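Now for the letters of each chain:
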Amino acid sequence: EILKMFVEKIVVHNLTASETDEELFEDNPQDYIRKDFEGNDQDTRRRCACDLVRGLLKFFHAETTDLCVGYIGAMLEDYTKSGSSNWKSKDAALHLVLAVSATSVSSTLGAGTLNTSVNLMDVFQSHVLPEVYDNDVSSRPIVKADSIKLICLFRSHLGLDFMLSILPHITRHLMSENIVIQTYAAICIERFLTVKDKTVSGS
């Protein structure tokens, strides 16, 4: 019950976008990018919530994973039922995916060791890729930015074929009207080019 309270009242609450987050995304995209993607978020409530999840995973791995996966599913279902008007549910869910799926995350190196109890590829196939495949590259901008960020951060776990197939869709987002989406797409393309093919000897 205490773990549930931590996840619901502290983690999910602090991962949910505030009006300040929305204003920063729209009015000051450079600061939003620095805080959300470039690692200058040490003192933000979202970063602290993610760190709390990873701390709980060290001591209560199975219980914390089950709780987080349950809330992820509930928030994504809520988004699916209510549509894009409730984008905050999906935004929070994708941030919780990031927190519970990897032991560490760096904007430069990407996601570290994965939590094998989380079906990451199912989340990608059902909820991340549809955003990137969407022809309207400017719709649901925060959720689209989240999706591109997740693809970028988990790039080393996705496989070469997957990255090659998704690259044209990421590239289309360079034409978005939104600066954050444009920038995340550009960063993602650049980081894709740094991933080494592990099947090639010496790489």
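Each remark here, short or long, concerns the structure printed above.
Residues numbered from 1 in each chain as written. Predicted model: local features only at pLDDT ≥ 70, side-chain atom pairs only at ≥ 80, totals over all residues. Heavy atoms only, no water.

Visitor: I'd like a description of a negative patch on the surface, backed by residues and values.
Guide: A cluster of like negative charges, contributed by E19, E23, E26 and D27, occupies part of the molecular surface. Relative to the assigned elements, E26 resides in helix 2 (residues 19-27). (Patch = residues over 30% accessible without salt bridge, like charges linked within 9 Å, V, L, I, M, F, W, Y side chains within 5 Å. Areas by Shrake-Rupley, 256 points an atom, 1.4 Å probe, with all protein chains shown as cover. Salt bridge = Lys/Arg side-chain N within 4 Å of Asp/Glu carboxyl O. Lys, Arg positive; Asp, Glu negative; His and termini not counted. Charge placed at Lys NZ, Arg CZ, Asp CG, Glu CD. Helix = DSSP H or I, 4+ residues; strand = E, 2+ residues; numbered from the N terminus.)

Visitor: Can you lay out the environment of I151 for me, pointing to particular residues and giving the numbers?
Guide: Among the structural elements, I151 can be located in helix 8 (residues 141-153). With a relative accessible area of 0%, I151 lands in the buried category. Taking the C-alpha atoms as reference, I151 lies 9.6 Å from V132; in sequence the two are 19 residues apart. With sequence-adjacent residues up to four places away left out, I151 is seen in contact with F124, V128, L129, V132, L158, I166, I170, C188 and F192. (Buried < 20%, exposed > 50% of the residue type's maximum accessible area, 1.4 Å probe, protein only. Contact = heavy atoms within 4.5 Å.)

Visitor: An account of the pattern of salt bridges is needed here, citing residue identities and associated values.
Guide: Side-chain pairing between opposite charges can occur once the charged atoms of the two side chains come close. Counted under the stated rule, the structure contains 14 salt bridges. Residues K90 and E131 are paired through a salt bridge, measuring 2.9 Å at the closest nitrogen-oxygen approach. With K90 in helix 6 (residues 87-101) and E131 in helix 7 (residues 120-133), this residue pair connects regions lying 41 residues apart in the sequence. According to the relative accessible area criterion, K90 is buried, its value standing at 4%. Measuring nitrogen to oxygen at the nearest pair gives 2.9 Å for the salt bridge that ties D134 to K144.

Visitor: Any chance you could break down the packing of helix 2 against helix 3 (residues 29-36) for me, citing the residues and the numbers?
Guide: It is at 5 Å that the axes of helix 2 and helix 3 come closest, and there the two elements cross at 120 degrees. In terms of orientation, helix 2 and helix 3 fall into the oblique class. For the pair helix 2 and helix 3, the contacting residues are D21, L24, F25, E26 and D27 in the first and P29, D31, Y32 and K35 in the second. Each residue belonging to the contact of helix 2 with helix 3 can be placed in one class, and the counts come to four nonpolar, no polar and five charged. (Axes fitted to C-alpha atoms, helices over the stretch in contact; angles between N-to-C directions. Parallel < 35°, antiparallel > 145°, perpendicular 65-115°, else oblique. Nonpolar A, V, L, I, M, F, W, Y, C, P; charged D, E, K, R; others polar.)

Visitor: Lay out the packing of helix 9 (residues 160-172) against helix 10 (residues 179-192) with the relevant residues and their values.
Guide: The geometry of helix 9 relative to helix 10 is characterised by a closest axis approach of 10 Å and an angle of 155 degrees between their N-to-C directions. Here helix 9 is positioned roughly antiparallel relative to helix 10, judged by the angle of their axes. Between helix 9 and helix 10 the crossing geometry is left-handed. For the pair helix 9 and helix 10, contact is made by M163, I166, L167, I170 and T171 and by A185, C188, I189 and F192, respectively. Broken down by class, the residue content of the contact of helix 9 with helix 10 amounts to eight nonpolar, one polar and no charged. (Left-handed = near helix turned anticlockwise from the far one by under 90°.)

Visitor: Residue-level account of the nonpolar core, with values.
Guide: Of all hydrophobic cores here, the largest spans 60 residues; its most connected members are L96, F124, I151 and I170. Of the residues forming this core, the biggest block, nine residues, is contributed by helix 6. Contacts of F124, omitting those with residues within four sequence positions, involve L129, P130, L150, I151, F154, L158 and F162. (Core = buried A, V, L, I, M, F, W, Y, C linked by side-chain atoms within 4.5 Å.)

Visitor: Any chance you could break down the environment of L98 for me, citing the residues and the numbers?
Guide: For L98, the position within the fold is in helix 6. Put simply, L98 and F154 are 56 residues apart on the chain and 9.0 Å apart in space, counted from C-alpha to C-alpha. L98 has contacts with R54, V105, K149, L150, L153 and F154, leaving out every residue within four places of it along the chain.

Visitor: Residues and numbers for the state of the cysteines, please.
Guide: With the rule as written, the count across this model stands at zero disulfides. The thiol sulfur of C48 is not disulfide-bonded, and the nearest other cysteine sulfur, from C50, lies at 9.4 Å. C48 gets classed as partly exposed once you look at its relative accessible area, which sits at 41%. C50 gets classed as buried once you look at its relative accessible area, which sits at 7%. (Disulfide = S-S within 2.5 Å.)

Visitor: So what about the packing of aromatic side chains? Which residues, and what values?
Guide: Inspection of the entire model under this criterion finds three aromatic pairs. Relative to Y32, the ring of F25 lies with its centre 4.9 Å away and its plane at 90 degrees, an arrangement referred to as edge-to-face. With respect to class, F25 is no different from Y32; both count as buried. With centroids separated by 6.1 Å and ring planes inclined at 90 degrees, the aromatic side chains of F124 and F154 adopt a geometry described as edge-to-face. Residue F124 is located in helix 7, and its partner F154 is located in the loop between helix 8 and helix 9; the two are separated by 30 residues in the primary sequence. You can call F124 buried: its relative accessible area is 0%. (Phe/Tyr/Trp six-rings, centres within 6.5 Å; stacked < 30°, edge-to-face > 60°.)

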